[in-house]
Amino acid sequence: MLSKEKDMNPEYFSNTSFRYLKYSDAFDTKTVLFFLNTDSICRSVRIICNKSIRNSKIKELDSLYVRSGDNTWRDNQRGKNCIVRLKDDDWSFSITIDPEK
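What counts as what
- Here, residues in each chain are numbered from 1, in the same order as that chain's written sequence.
- Thresholds applied to this predicted model are a pLDDT of at least 70 for local features of residues and 80 or more for the giving and counting of side-chain atom pairs; totals over whole chains, interfaces and linings are not thresholded and use all residues.
- Each side-chain value is worked out from all heavy atoms of the structure, with water and hydrogens disregarded.
- When a carboxyl oxygen of Asp or Glu is within 4 Å of a side-chain nitrogen of Lys or Arg, the pair counts as a salt bridge.
- Secondary structure elements are defined from DSSP: runs of H or I of at least 4 residues count as helices, runs of E of at least 2 residues count as strands, and each element is numbered from the N terminus.
- Burial status follows relative accessibility: with a 1.4 Å probe on protein chains alone, a residue under 20% of its type maximum counts as buried, one over 50% as exposed, and anything between as partly exposed.
- Each pair of aromatic rings taken from Phe, Tyr and Trp, with Trp reduced to its six-membered ring, is defined by centres within 6.5 Å and is described as stacked if the planes are under 30 degrees apart, edge-to-face if over 60, and tilted in the remaining cases.
- Note on pairing: DSSP must find at least two bridges between two strands before they are called paired.

A short note on the pattern of salt bridges
Pairing of side chains with opposite charge becomes possible as their charged atoms draw close. Summed over the entire model, instances satisfying the criterion amount to 6 salt bridges. Residues D88 and R54 are paired through a salt bridge, measuring 2.8 Å at the closest nitrogen-oxygen approach. Here D88, found in strand β7 (residues 80–88), pairs with R54, found in helix α1 (residues 54–64); they are 34 residues apart in sequence, far enough to count as distant. R67 serves as the salt-bridge partner of D62, at 3.0 Å between the closest nitrogen and oxygen. A residue is classified by how much of its surface remains accessible, and D62, at 37% relative accessible area, is partly exposed.

Concerning the packing of aromatic side chains
Applying the stated criterion to the full structure yields 2 aromatic pairs. Aromatic side chains Y20 and F35 sit 5.7 Å apart centroid to centroid with 50 degrees between the ring planes, which places their arrangement in the tilted category. Separated by 15 residues along the polypeptide, Y20 in strand β2 (residues 19–25) and F35 in strand β3 (residues 30–36) bring together distant segments of the chain. Assessed through its relative accessible area of 10%, F35 is described here as buried.

Quick look at the pairing of strand β8 (residues 92–99)
Burial analysis of β8 places 6 of its 8 residues in the buried class, the great majority of the element. Alignment of strand β4 (residues 42–50) against β8, held across 6 bridges, turns out to be antiparallel. The partner of R46 across the bridge, within β8, is T96. Both β7 and β8 contribute to a ladder of 7 bridges, which runs antiparallel.

Remember that the coordinates give geometry; whether it matters functionally is a separate question.
Here it is as structure tokens:
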């Protein structure tokens, strides 16, 4: 993560409900959460962004994944199918990457 996103600061969290790694940028425009299982293997990723970068993020998603509907993309990396969803909120938007079930 740090090799691609040099401006992100890492934090590790663990509680009774979730174990995750959190990376935030210094400008508070993007936060990335890696949700981990009990073996510390990533099971889901959520990216929370300021609305100001929404259009550039959609272009990035279009270049990385195959669009499968409004605000939804699909990906197949290393034989694993993933669903990428963008959800708008009032002041931000989130991108969630989950394995397809």
